[in-house]
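Below, each chain spelled out in residue letters.
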Amino acid sequence: VYTAVTQAAEEHEARWRTGHYLLWELAKELIVELIAAAVEADEAAYAEEPFLPVAFEVEAEGRLPPLADGDAPLKIRGRVDRIDRHRDGERLRVI
């Protein structure tokens, strides 16, 4: 995580102003902490619910069945943030 953030920060610094030096350094440290926490949370979630991401930002289009009596089917079109597959290989989760 640290290496990826450092590389992204260096690319940003080469193109843009970053403001006060100490604030920029603190921001980079905070980003490393946030990303590390997110990775840790994903690992913990995987231990509890064994789903792994298999696709990101997927275009999707279709219809959902009526949600209540008297409702029409719901047409959907857009982008799915993430699709996860259960480790049993048979179930998918759309996020």
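Residues numbered from 1 in each chain as written. Predicted model: local features only at pLDDT ≥ 70, side-chain atom pairs only at ≥ 80, totals over all residues. Heavy atoms only, no water.

Chemist: Any chance you could explain the packing of helix H1 (residues 2-15) against helix H2 (residues 21-48) here in plain terms?
Modeler: Helix packing for two helices is described by the angle between their axes and how far apart those axes are. Running from amino to carboxyl end, H1 crosses H2 at an angle of 140°, the nearest separation of the two axes being 10 Å. As for how H1 packs across H2, the hand of that crossing is right-handed. In this structure, H1 uses Tyr 2, Val 5, Ala 9, His 12 and Glu 13 to contact H2, whose residues at the interface are Trp 24, Lys 28, Ile 31, Val 32 and Ile 35. Each residue belonging to the contact of H1 with H2 can be placed in one class, and the counts come to seven nonpolar, one polar and two charged. (Axes fitted to C-alpha atoms, helices over the stretch in contact; angles between N-to-C directions. Helix = DSSP H or I, 4+ residues; strand = E, 2+ residues; numbered from the N terminus. Left-handed = near helix turned anticlockwise from the far one by under 90°. Contact = heavy atoms within 4.5 Å. Nonpolar A, V, L, I, M, F, W, Y, C, P; charged D, E, K, R; others polar.)

Chemist: Explain the sheet that holds strand E1 (residues 51-64) to me, please; I cannot follow it from the model alone.
Modeler: Strands in a sheet are paired, the pairing made by backbone hydrogen bonds, and the direction either parallel or antiparallel. Overall, antiparallel pairing links the three strands, which are arranged E1-E2-E3 in an open sheet. Both edges of this open sheet fall to E1 and strand E3 (92-94), since each of them pairs with a single strand only. Each strand of the sheet is rotated relative to its neighbour by a mean of 35°, with strand direction disregarded. (Pairing = 2+ DSSP bridges.)

Chemist: Explain the layout of surface pockets to me, please; I cannot follow it from the model alone.
Modeler: Empty space among the atoms becomes apparent when a probe as large as a water molecule is rolled across them. Its volume calculated, the largest pocket comes out at about 170 Å³. Around the largest pocket, the lining residues are Asp 42, Glu 43, Ala 45, Tyr 46, Glu 49, Phe 51, Leu 52, Pro 53, Arg 82, Asp 84 and Arg 93. Mapped by element, the contributors of at least two residues to the lining of the largest pocket are H2, E1 and strand E2 (74-86). Among the elements that take part in the lining of the largest pocket, H2 stands out by supplying four residues, more than any other. Split by residue class, the lining of the largest pocket holds five nonpolar, no polar and six charged. (1 Å grid on protein atoms, 1.4 Å probe; cavity = no way out; pocket = protein on both sides within 12 Å on 5 of 7 lines; lining within 4 Å. Points joined across faces, edges and corners; volume = space filled by probe spheres on them.)

Chemist: Would you mind showing me how to read the side chain of Asp 84 here?
Modeler: Mapped onto the fold, Asp 84 is located in strand E2. A polar atom in the side chain of Asp 84 sits 2.7 Å from the side chain of Arg 82. Those residues in contact with Asp 84 that lie beyond four places of it in its chain are Phe 51, Leu 52, Pro 53, Val 54, Arg 91, Leu 92, Arg 93 and Ile 95. (Polar contact = N/O pair within 3.5 Å; in protein donor to acceptor, adjacent residues only side chain to side chain.)

Chemist: Looking at this structure, I do not really get a nonpolar patch on the surface. What am I missing?
Modeler: Nonpolar side chains collect at one region of the surface, where Val 1, Ile 31, Ile 35 and Val 39 lie side by side and expose about 290 Å² of accessible area between them. With respect to the secondary-structure elements, Val 1 resides in the segment before H1. In this structure Val 1 comes out as partly exposed when scored by relative accessible area, which is 44%. (Patch = residues over 30% accessible without salt bridge, like charges linked within 9 Å, V, L, I, M, F, W, Y side chains within 5 Å. Areas by Shrake-Rupley, 256 points an atom, 1.4 Å probe, with all protein chains shown as cover. Salt bridge = Lys/Arg side-chain N within 4 Å of Asp/Glu carboxyl O. Buried < 20%, exposed > 50% of the residue type's maximum accessible area, 1.4 Å probe, protein only.)

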